[in-house]
Amino acid sequence: MRRSLLRAVMAVVACSLVLPSLALAGYGDTIDMTTGVTEISRSVHSLHRTIFYICCIIGAGVFAVMFYSIFAHRKSRGAKPATFHESTTVEIIWTIVPFAILIGMAWPAAKVLIKMEDFSGSEMTVKITGYQWRWHYDYLDEDIQFYSQLDAAHNAARQRDSGVELEQFEHYLKEVDNALVLPVGKKIRFLHTAADVIHAWWVPALAVKKDAIPGFINENWAKIDEPGIYRGKCAELCGRDHGFMPVVVRALPQDEYDAWVADKKAEATTAKLDAQREWSHKELVATGEGVYQRNCVGCHQAEGQGIPGMFPAIAGSDVANGSLEKHLETVLHGVGDSPMQAYSTRLNDSELAAVITFQRNAFGNTTGDTIQPSDVRSYRNGQMQSLATDTGYFSNFNVTGAN
Amino acid sequence: MSTAEAHHDDHDHHGPAPGFKRWLYTTNHKDIGTMYLLFSLIMFFVGGAMALVIRAELWTPGLQIVDPMFFNSMTTMHAIVMIFGVVMPAFVGLANWMIPMMLGAPDMALPRLNNWSFWIMPFAFTVMLSTLFMDSGGPAGGWTMYPPLTLQMGDSFAFVVFAIHFLGISSVMGSINIVATIFNMRAPGMTMMKMPLFVWTWLITAYLLIATIPVFAGAVTMLLTDRYFGTSFFSAAGGGDPVMYQHIFWFFGHPEVYILILPAFGIISSIIPTFARKPLFGYDSMVYATASIAFLSFIVWAHHMFTTGMPLAAELFFMFSTMMISVPTGVKVFNWVATMWRGSMTFETPMLFAVGFVVMFTIGGLSGLMLAITPADIQYHDTYFVVAHFHYVLVPGAIFSLMAATYYWMPKWTGNMYDEKLGKIHFWVSTIFVNLLFFPMHFVGLAGMPRRIPDYSLQFADWNAIASIGAFGFGFAQLIFVWVIIKCYRGGEKATDQVWEGADGLEWTVASPAPYHTFETAPEIK
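Rules used in this analysis
- Throughout this description, residue numbers start from 1 for each chain and increase along the sequence as written.
- Numbering of ligands from 1 and lettering of chains from A proceed in the order in which they are written.
- For a predicted model such as this one, the threshold for reporting local features is a pLDDT of at least 70, and the threshold for listing and counting side-chain atom pairs is 80 or more; totals across whole chains, interfaces and linings nevertheless cover every residue.
- To get the side-chain values, take all heavy atoms of the structure and skip hydrogens and water.
- Numbering goes from the N terminus for both helices and strands, where a helix is a DSSP run of H or I of at least four residues and a strand is a run of E of at least two.
- Only protein chains enter the accessibility calculation, which uses a 1.4 Å probe. A residue is then buried if its area is under 20% of the maximum for its type, exposed if over 50%, and partly exposed in between.
- When checking whether two residues touch, look at their non-hydrogen atoms; a contact exists if any pair is within 4.5 Å.
- All accessible areas in this document rest on Shrake-Rupley with a 1.4 Å probe, and a residue is counted as covered only by the protein chains that are shown.
- Residue ranges for the domains originate in an automatic or database domain assignment.
- Joining two parts hides part of their accessible area as seen by a 1.4 Å probe, and the buried area is that hidden amount summed over both.
- Put simply, a salt bridge is a Lys or Arg side-chain nitrogen that is within 4 Å of an Asp or Glu carboxyl oxygen.
- Here a polar contact is recorded for every N or O atom pair within 3.5 Å, except that within protein the pair must consist of a potential hydrogen donor and a potential acceptor, and residues adjacent in sequence are included only if both atoms are side-chain atoms.
- By convention a nonpolar core is built from buried Ala, Val, Leu, Ile, Met, Phe, Trp, Tyr and Cys residues, the set being connected through side-chain atoms within 4.5 Å.
- What counts as a ring pair is set by centres within 6.5 Å for rings of Phe, Tyr and Trp (its six-membered ring), and what kind of pair is set by the plane angle: stacked under 30 degrees, edge-to-face over 60, tilted for all other angles.
- Counting as a charge over the ring demands two things of the Lys NZ or Arg CZ atom: a distance within 6 Å of the ring centre and an angle within 35 degrees of the ring normal.
- Angles shown run from 0 to 180 degrees and are taken between the N-to-C directions of axes, each axis being a line fitted to C-alpha atoms and, for helices, limited to the stretch in contact.
- Small angles under 35 degrees read as roughly parallel and large ones over 145 as roughly antiparallel, with 65 to 115 read as roughly perpendicular and the rest as oblique.
- Here the nonpolar group is Ala, Val, Leu, Ile, Met, Phe, Trp, Tyr, Cys and Pro; Asp, Glu, Lys and Arg are the charged ones; every other residue, Gly included, is treated as polar.
- On a range of 0 to 100, pLDDT expresses the predictor's confidence in each residue.
- Disulfide assignment relies on a single distance test, namely cysteine sulfur atoms paired within 2.5 Å.
- Candidates for patches are residues over 30% relative accessible area with no salt bridge; among them, like charges are joined within 9 Å and nonpolar side chains (Val, Leu, Ile, Met, Phe, Trp, Tyr) within 5 Å.
- Site definitions follow a grid-based scheme: protein atoms alone, a 1 Å grid, a 1.4 Å probe that fits but cannot get out for cavities, and for pockets an open set with protein on both sides within 12 Å along at least five of seven lines, plus lining residues having an atom within 4 Å of a point.
- Grid points are joined across faces, edges and corners, and a volume is the space filled by probe spheres set on the points.
- Pairs of strands are assigned from DSSP output, requiring at least two bridges between the strands.

(A) View of the overall build of chain A. Scanning chain A for helices and strands turns up 12 helices and 10 strands. Relative to its 403 residues, chain A shows a buried fraction of 48%. Counting contacts in chain A only where the partners sit at least 6 residues apart, residues at least 24 apart contribute 65% of the total. Surface accessibility of chain A: about 19,100 Å² in total, with carbon and sulfur atoms responsible for 57%.

Below, the structure written as structure tokens:
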């Protein structure tokens, strides 16, 4: 009996190792963790596999004994109950043995963890700020910054009952307008923070997941080995559109990355020039519609009708049809104690002028107003002066602490 | 053990009052136990319906049925209802029914408090569920209610906090009652180390509740003052820290998950020896393991927070302490298997559910061990892998233990045997569908699907469809459970006092159905 039990245990243990391996090999991208493209991600993956196999062996052992017992020690087979009910020896054995296994596992896990937490020697830094529901990337060494959010086509498709065929998207809900572009082979430091609620920036292939906490800065790092596109998601529940704030990282060889940096800087110069010139009404409305689609439509909806009880309408609203000052204040500084956020730093003067012009001339609003980038600038300047003479209440606090 | 049945002539006024007043005014532990159990059965379907809304939306990619905000409030409410409205009250109901009978006590130590702790619950849950019909909607920031997100909620937030306070008061009062009963009402000769394991696990659970519920109450009160009274406990703008909330919450939240499973350990430790016809293996080590788990549960809380940016030393400490929990938990599983070993087993429905519990709880425990490995946990965190893990320990874990307990003690409660065939069908259908429901969640989680999302990438479509099929199958299978209970209440083969051939313990020495008053004269324990 004892030998047959041993054979049964061995067979189950063997199966428990072979079957999962076969399965993992075939369906890697839908059933298992990615190996990733960094040294850390490979270490994490191997820890994951090791602990998984240990669990399989323990589980198989326990279940084999249990099912053998269920099969052999049943009353219907005439089993007579034994009377033993304690043994200090076996209790000690099955306390010590798992403990030893744990120590064997804790050692490599601690080594990987220590390596993950070693932020020294980084060659460049990107500050990543989470917003409801987009990411802001700030290349601290390059003076490049931009927002990144769900691609507009995906955003349209994900609306309830949109009727859009989802199969046309190869990476449904994992495509953004502006990907984070990074060079390979460099130790990149990430600084994580948030502007409203807690988010978590997660890219499985880099084994990077860190909470973005408003008012605090978290650190993390990655050194990417291979060029490619790596996709992730916000991992911490952050409100209505938590499921719709993907992360896309485009890793480029150093020379291509340098070219991208040069392009990006040229773009910034053009934007600066744009903010100085006079825009036509038509141009503002057209640009503003795009800004609206990217920033406002989530709450205020496609027809500016809002969602009653939650998000106010823009169509026919007092703000969009009333004083320009009030409209500027609402958009630039948000509305305290409500989901309406401050856009003063998220959009540039041209975008702000465009979206306000659009809102005042769409959804049945017919103010006929045209707001130039220079108007936004003078509103900001006027405000700066009044703040300077005021007792000085700054509604936007700066990120001050680190933990 | 024997019962001394004493007869008194002056006890007829102790019978149940007629009509609704019986239930409203009752101080009888059996009546109150029944109300707790029925309440949790009803809430099981309420919370289950919410789960089915979630699974219906997730059946295919794209948004079809609900708005993302409502989806979030379904995930939040599903958790609140299942934890505070189903598993906790059901265990309290079992404690009410069984602990006095297991200890040879005539009733709970504090019967009027007992009535009050029950009647607060329906009231608190009415308030909680009413938020779903308010303008600003139900809570949608997750049952963990992390600020600042949860502070964005409308004014229904105040109702949620109010309801939580009342649920907490109910739990703490219930726990005090259980502790008082166990320490004061044991029959002569019922020493601590003779108590059934169910009583032991409940004693330890009651202490966990008394220690942690006030912490939770403090955390939600701080949220309330941050929201309405201008404090900044959790806002960096005023010098506070959102992560401090998470520390306080999980200092409650981690012991809470053991509150949801320790009584289950006690139930399984009663059922397996009965159907193996062999005493529980390692009684003493089971008691010590339970106590160790309870102690460890207080020093592992931050393993829910490995991505919040804690210092390395803290991460290492919480990794090691978390791994340690698997030692006493392992001891329990090994003891159950050793109890079965060389027994003389039969597999009536309670035993089927108990065996199902051991197998599937172990699967959940092993994925818990994987989650303890911090570098890997950082990848698992907030994915469906975690959802799979805690549903394995809570559904085929805690919920299966409750079903096992119901089948096990129902003949004692009603005096009738339940329909064994239907019971077995219920077990097999539930087991098949619960695995279809939760097993694929391991896969999509590892492959990168975050939790708490109403829509997902196409690569996860197949597994989500399978999980949804499992959800509806499992949900509708519970109608069999209700039917078995109704059928058993109405009639059936009369149960003997002993009910089960291998049953051992004071509760099996009284008549079936258990009379309204039991052990008015304490039994003698030999």
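(B) Quick peek at the domain arrangement of chain A. All names here are of chain A. Each assigned domain of chain A is listed with its residue range as follows: domain 1 (2–76 + 86–116), domain 2 (124–269) and domain 3 (277–401). Once you take the C-alpha centre of each, domain 2 and domain 3 turn out to be 25 Å apart. On the domain 3 side, the residues contacting the 15 residues of domain 2 number 17 residues. A combined buried area of about 1,100 Å² lies between domain 2 and domain 3, and 48% of that area is made up of carbon and sulfur atoms. If you sort the residues of domain 2 by the area they bury against domain 3, Arg-134, Tyr-147 and Arg-240 come out on top, with a joint share of 36%. Between the two partners, domain 2 and domain 3, sit zero salt bridges. Linking domain 2 with domain 3 are zero residue pairs in polar contact (both at pLDDT 80 or more).

(C) Highlighting the nonpolar core. Judged by nonpolar contacts, the single largest core of 222 residues is most densely connected at Phe-84, Leu-94, Phe-125, Trp-202, Trp-336 and Trp-409 of chain B. Sort the elements by how many residues they give to this core and helix α3 (residues 68–103) of chain B lands first, with 23 residues. Both domain 1 (2–76 + 86–116) and domain 2 (124–269) of chain A contribute no fewer than three residues apiece to this core. Setting aside its immediate chain neighbours within four residues, Trp-336 of chain B contacts Phe-265, Ile-268, Ser-269, Ile-272, Leu-280, Met-286, Phe-357 and Val-358 of chain B. One finds Leu-182, Val-184 and Ile-307 of chain A together with Leu-149 of chain B within the second-largest nonpolar core, a separate group that totals 40 residues.

(D) Spotlight on the packing of aromatic side chains. Applying the stated criterion across every chain yields a total of 67 aromatic pairs over all chains. Measuring from ring centre to ring centre gives 5.1 Å for Phe-353 of chain B and Phe-427 of chain B, while their planes differ by 80°; the resulting arrangement is edge-to-face. With Phe-353 of chain B in helix α11 (residues 349–372) and Phe-427 of chain B in helix α14 (residues 420–446), this residue pair connects regions lying 74 residues apart in the sequence. This pair shows no difference in class: Phe-353 of chain B is buried, exactly as Phe-427 of chain B is. If you follow Arg-158 of chain A out to its NZ or CZ, it ends over the ring of Phe-244 of chain A, 4.0 Å from the centre. Geometry around Tyr-228 of chain B places Arg-227 of chain B over its ring, the cationic atom sitting 4.9 Å from the centre.

(E) Spotlight on the packing of α11 of chain B against α14 of chain B. Residues and elements named next belong to chain B. The geometry of α11 relative to α14 is characterised by a closest axis approach of 9 Å and an angle of 10° between their N-to-C directions. In terms of orientation, α11 lies roughly parallel with respect to α14. Contacts between α11 and α14 involve Thr-349, Leu-352, Phe-353, Gly-356, Met-360, Ile-363 and Ser-367 from the first element and Glu-420, Gly-423, Lys-424, His-426, Phe-427, Trp-428, Thr-431, Val-434, Asn-435, Phe-439 and His-442 from the second. Looking at side-chain class alone, the contact of α11 with α14 contains eight nonpolar, eight polar and two charged residues.

(F) Representation of the confidence of the model for chain B within the structure. All names here are of chain B. Of all residues in chain B, 97% attain a pLDDT of 70 or more, and the chain-wide mean is 94. Confidence over residues 1–12 falls short of pLDDT 50; this stretch has 14 contacts with residues more than four positions distant or in other chains. Here the predicted complex carries an ipTM of 0.91, next to a pTM of 0.88.

(G) Focus on the pattern of salt bridges. On inspection of all chains with the given rule, the structure shows 21 salt bridges over all chains. Measuring nitrogen to oxygen at the nearest pair gives 2.7 Å for the salt bridge that ties Asp-67 of chain B to Arg-240 of chain A. Taken as a pair, Asp-67 of chain B in the loop between α2 (29–57) and α3 and Arg-240 of chain A in the loop between β9 (228–234) and β10 (246–252) lie in two separate chains rather than in one. For Asp-67 of chain B, a relative accessible area of 18% translates into the label buried. One network of salt bridges, with partners in common, ties together Arg-158, Arg-240 and Asp-241 of chain A together with Asp-67 of chain B.

(H) Quick look at the state of the cysteines. Residues and elements named next belong to chain A. Counted by the stated rule, this structure contains zero disulfides over all chains. The thiol of Cys-234 is not disulfide-bonded; the next cysteine sulfur, from Cys-238, is found 3.9 Å away. Overall, Cys-234 belongs to the buried group, its relative accessible area being 0%.

(I) Structural context of a nonpolar patch on the surface. All names here are of chain B. A surface patch of nonpolar side chains, about 470 Å² in accessible area, is lined by Trp-59, Trp-428, Ile-432, Leu-436 and Ile-469. Sort the elements by how many residues they give to the nonpolar patch and α14 lands first, with three residues. Note that Ile-469 resides in helix α15 (residues 461–490).

(J) Spotlight on the interface of chain B and chain A. Contacts between the two partners involve 97 residues from chain B and, on the opposite side, 93 residues from chain A. Here chain B packs against chain A, burying approximately 8,200 Å² in sum over the two surfaces, 69% of which is carbon and sulfur. Where chain B touches chain A, the interface holds two salt bridges. Notably, a salt bridge pairs Lys-75 of chain A with Glu-501 of chain B, separated by 2.8 Å at the nearest N-O pair. At the surface where chain B touches chain A, the tally comes to 24 residue pairs in polar contact (both at pLDDT 80 or more). Breaking the side of chain B that touches chain A down by element, the ones donating at least two residues are α3, α7 (242–259), α10 (312–340), α11, α12 (374–380) and α14 of chain B. The residue makeup of the side of chain B that touches chain A, split by class, is 59 nonpolar, 26 polar and 12 charged.

(K) Examining the confidence of the model for chain A more closely. Summary statistics for chain A give a mean pLDDT of 86 and a share of 87% for residues scoring 70 or more. Every residue in residues 387–403 of chain A is under pLDDT 50, and counting partners more than four places away or in other chains gives 20 contacts.

(L) Region of interest: empty space enclosed by the protein. Under the criterion given, the structure shown has five cavities of 30 Å³ or more. What the largest cavity holds in volume is close to 110 Å³. Forming the walls of the largest cavity are 13 residues, and the residues nearest its centre are Met-116, Ala-207, Lys-210 and Asn-220 of chain A together with Ile-378 of chain B. Of the residues assigned to the lining of the largest cavity, the class counts are eight nonpolar, two polar and three charged. Looking at the second largest cavity, its volume works out to about 80 Å³.

(M) The arrangement of the environment of Ser-120 of chain A in detail. In this fold, Ser-120 of chain A is placed in the loop between α4 (88–116) and β1 (124–131). In sequence terms Ser-120 of chain A and Lys-187 of chain A are 67 residues apart; their C-alpha atoms lie 9.1 Å from each other.

(N) Structural context of the pairing of β10 of chain A. Residues and elements named next belong to chain A. Counting buried positions along β10 gives six out of seven residues, so the element sits mostly inside the fold. One ladder, built from four bridges, connects strand β4 (residues 180–183) with β10; its direction is parallel. In the strand pairing of β10, Val-181 is matched with Arg-250. Where β9 and β10 come together, six bridges link them in antiparallel fashion. Across the sheet, Ile-229 pairs through a bridge with Arg-250, a residue of β10.

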